[in-house]
Amino acid sequence: VPFFSLPKLIVAVEHEEIPRLKALYERGLQNNVPGLKLIGAKEIQKKEPFCRGLMALDSPSTGIVDYKQVAQSYAEDFQEAGGTILTDFEVTNMEMARESSPESEDGLKYPVIVRNKK
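What you are looking at is a predicted structure, and each value in this text was computed from that prediction instead of being measured. (Residues numbered from 1 in each chain as written. Predicted model: local features only at pLDDT ≥ 70, side-chain atom pairs only at ≥ 80, totals over all residues. Heavy atoms only, no water.)

**Some details on the pattern of salt bridges**
Side-chain pairs of opposite charge can arise whenever the charged atoms involved come near each other. Short version of the rule: Definition used for salt bridges: Asp or Glu carboxyl oxygen within 4 Å of a side-chain nitrogen of Lys or Arg. Strands here mean DSSP runs of E at least two residues long; helices mean DSSP runs of H or I at least four residues long; both are numbered from the N terminus. Using a 1.4 Å probe on the protein chains alone, a residue whose accessible area is under 20% of its type maximum counts as buried, one over 50% counts as exposed, and one in between counts as partly exposed.
Considering all chains together, one arrives at three salt bridges under this definition. Residues E90 and K117 are paired through a salt bridge, measuring 3.7 Å at the closest nitrogen-oxygen approach. Of this pair, E90 sits in the loop between α3 (67-80) and β6 (91-96) while K117 sits in the segment after β7 (112-116), placing them 27 residues apart in sequence. As a salt-bridge pair, R115 and E95 come within 3.3 Å of each other at their nearest N and O atoms. Of this pair, R115 sits in strand β7 while E95 sits in strand β6; the two residues are 20 residues apart in sequence, bridging distant segments of the chain. Under the relative-accessibility criterion, R115 is labelled partly exposed at 40%.

What follows is the structure in structure tokens.
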């Protein structure tokens, strides 16, 4: 799926936003996002002269994708694996099922049951 590389600053403008920004930073580190760092107000202004904030997450390798294209790619993979895509289907419950053998009457191959209202 094509993407556009676009350096990003995610900026906290209120003190209440800083813990969420730090949590996002920690998740980025856990996911090996390259070049990720937290910066202060002066560094924010250096990178983006018209931007003001208390703290920012600088993500120089962040990119933007066309999510519709990503979803379509997942859908194609799912259908190629034998899955069926349902629309207008409100999920009310999901549960793990016991795997059944290929000779079973229901032919269950995947251990997840998805239920709806109908």
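**Comments concerning the confidence of the model for the chain**
Note the cut-off: The score called pLDDT rates the predictor's confidence residue by residue, from a low of 0 to a high of 100.
Mean pLDDT over the chain stands at 86; residues scoring 70 or higher make up 86%. Within the chain, the lowest mean pLDDT, 68, falls on strand β1 (residues 3-5), and the highest, 97, falls on strand β3 (residues 37-40).

**Quick notes on the side chain of D58**
Basically, it comes down to this: Whenever a nitrogen or oxygen atom comes within 3.5 Å of another N or O atom, the pair is scored as a polar contact, on the condition that within protein one atom can donate a hydrogen and the other can accept it, and that pairs from neighbouring residues in sequence are kept only if both atoms are in side chains. Any two residues having at least one pair of non-hydrogen atoms within 4.5 Å are treated as being in contact.
Assignment of secondary structure puts D58 in strand β4 (residues 55-59). You can call D58 buried: its relative accessible area is 4%. Within the structure, D58 has its side chain in polar contact with the side chain of K47 (distance 3.1 Å). Residue contacts for D58: discarding those within four places in its chain leaves K8, L9, G35, L36, K37, I39 and K47.

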